[in-house]
Amino acid sequence: RKEEGKKKLVAKNEVCKKIDELTKDIPDSHNKWQALTIKCNELEVEWKNLGRLNKVENRIAWINFRNSLKYFYQKKNTFYKEKKSKNNKVLEIKIAICEKAEALQNDTNWQETANKLIALQEKWKSAGYSSKEQSNKLWKRFKQACDAFFKARKAHFKVLDKEKEGNLKQKKELLAELKIFTASKDKKTD
């Protein structure tokens, strides 16, 4: 029994080492953490399936096992806390971008404001990842502000184009009139 207990203790300690090695290289994505968690759960089942030891050795093995699991889940928890913190910072940046775009949407300094909005669009792209649900709401808000400005600018230039067409028509009429005009002897009247 003692020999069998020693073999079980060695095997249980090996499982604990495997659990410790899971976080040797800390994963940088949710999917990688999910895969490691599955491996950790499998190792946990393996450890439990090795069976009980005598009272003293079992207590020591249990403490080692709990410490290994605790270390693994602390690393995982830290990763998700940092991810949430980064996500919140990205959301703050995107909210600030939305507010700036909304402040500019009614500006009639067409060229300067267009450049500012295009710069804000670039900032949006480089702001980083945030959760889809929250990001989509902010994106709609941002897009609405940009669209309002660019539609107003387009309408403004359409009116200017119509005015230019009217002016061009008048100028062509004057040129046609000048072509058929013949000068008389009275220069003041001409």
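Reading guide: rules and limits
- Residues numbered from 1 in each chain as written.
- Predicted model: local features only at pLDDT ≥ 70, side-chain atom pairs only at ≥ 80, totals over all residues.
- Heavy atoms only, no water.
- Helix = DSSP H or I, 4+ residues; strand = E, 2+ residues; numbered from the N terminus.
- Rg over C-alpha atoms; globule rule 2.2 N^0.38 Å.
- Buried < 20%, exposed > 50% of the residue type's maximum accessible area, 1.4 Å probe, protein only.
- Patch = residues over 30% accessible without salt bridge, like charges linked within 9 Å, V, L, I, M, F, W, Y side chains within 5 Å.
- Areas by Shrake-Rupley, 256 points an atom, 1.4 Å probe, with all protein chains shown as cover.
- Salt bridge = Lys/Arg side-chain N within 4 Å of Asp/Glu carboxyl O.
- Axes fitted to C-alpha atoms, helices over the stretch in contact; angles between N-to-C directions.
- Parallel < 35°, antiparallel > 145°, perpendicular 65-115°, else oblique.
- Contact = heavy atoms within 4.5 Å.
- Nonpolar A, V, L, I, M, F, W, Y, C, P; charged D, E, K, R; others polar.
- Expected span 1.5 Å × (residues − 1).
- Arc of directions from axis to C-beta.
- Phe/Tyr/Trp six-rings, centres within 6.5 Å; stacked < 30°, edge-to-face > 60°.
- Lys NZ or Arg CZ within 6 Å of the ring centre and 35° of its normal.
- pLDDT = per-residue confidence, 0-100.

A. Representation of the overall build of the chain in the model. Looking only at helices and strands, the chain features 5 helices and 0 strands. Along its sequence from the N terminus, the chain presents helices and strands in the succession α-α-α-α-α. Rg of the C-alpha trace for the chain: 37 Å, well past the compact-globule value of 16 Å for 190 residues, more than 25% over. For the chain, the spread of C-alpha atoms along the three principal axes comes to 135 × 25 × 20 Å. Within the chain, the proportion of its 190 residues that are buried is 25%.

B. How the structure looks around a nonpolar patch on the surface. Among the surface-exposed residues, Leu 175, Leu 178 and Phe 181 lie close enough to one another that they form a single nonpolar patch of about 330 Å² accessible area. Structurally, Leu 178 is set in helix 5 (residues 132-180).

C. Broad picture of the packing of helix 2 (residues 30-49) against helix 3 (residues 55-104). Two numbers describe how helix 2 lies on helix 3: the axes approach to 12 Å, and their chain directions differ by 170 degrees. Judged on the interaxial angle alone, helix 3 and helix 2 are roughly antiparallel. Between helix 2 and helix 3, the residues in contact are His 30, Trp 33, Gln 34, Leu 36, Thr 37, Cys 40, Asn 41, Glu 44, Trp 47 and Lys 48 and Ala 61, Trp 62, Phe 65, Leu 69, Phe 72, Tyr 73, Lys 75, Lys 76, Phe 79, Tyr 80 and Lys 83, respectively. The residue inventory of the contact of helix 2 with helix 3, partitioned by class, reads 12 nonpolar, 4 polar and 5 charged.

D. Representation of the environment of Ile 118. Looking at where Ile 118 falls in the secondary structure, it is placed in helix 4 (residues 110-126). The class of Ile 118 is partly exposed, set by a relative accessible area of 41%. As for Ile 118 and Asn 67, which are separated by 51 residues in sequence, their C-alpha atoms are 52 Å apart.

E. Structural view of helix 1 (residues 2-22). The end-to-end C-alpha distance of helix 1 is 30 Å, a good match for the 30 Å that 21 residues give at a rise of 1.5 Å each. Within helix 1, the full set of buried residues consists of Gly 5, Leu 9, Lys 12, Val 15, Cys 16, Ile 19 and Leu 22. Down the axis of helix 1, the smallest arc covering the buried residues is 130 degrees, so these residues share one side. Facing away from the buried side of helix 1 by more than 90 degrees, the exposed set consists of Glu 3, Lys 7, Val 10 and Glu 21. Of the surrounding elements, those touching the buried residues of helix 1 are helix 2 and helix 3.

F. View of the packing of aromatic side chains. Within this structure, the stated rule accounts for 12 aromatic pairs. Measuring from ring centre to ring centre gives 5.0 Å for Phe 72 and Tyr 73, while their planes differ by 90 degrees; the resulting arrangement is edge-to-face. With relative accessibility at 0%, the residue Phe 72 sits in the buried group. When the ring of Phe 149 is compared with that of Phe 150, the centres are 5.1 Å apart and the planes differ by 75 degrees; the resulting orientation is edge-to-face. For Phe 150, a relative accessible area of 22% puts it in the partly exposed group. Site record: aromatic cluster; members linked through ring pairs are Trp 33, Phe 72, Tyr 73, Phe 79 and Tyr 80. Geometry around Trp 47 places Lys 12 over its ring, the cationic atom sitting 3.6 Å from the centre.

G. Region of interest: the confidence of the model for the chain. Scored by pLDDT, the chain has a mean of 89; 100% of the residues are at 70 or more. Mean pLDDT across the secondary structure elements of the chain bottoms out at helix 5, with 86, and peaks at helix 2, with 94.

H. Structural view of the pattern of salt bridges. In the structure shown here, the tally under the stated rule is 8 salt bridges. Residue Glu 112 pairs with Lys 116 through a salt bridge whose shortest N-O separation is 3.3 Å. A residue pair is termed a helical-turn pair when its members lie 3 or 4 positions apart in one helix, as Glu 112 and Lys 116 do in helix 4 at 4 residues. A relative accessible area of 39% places Lys 116 in the partly exposed class.

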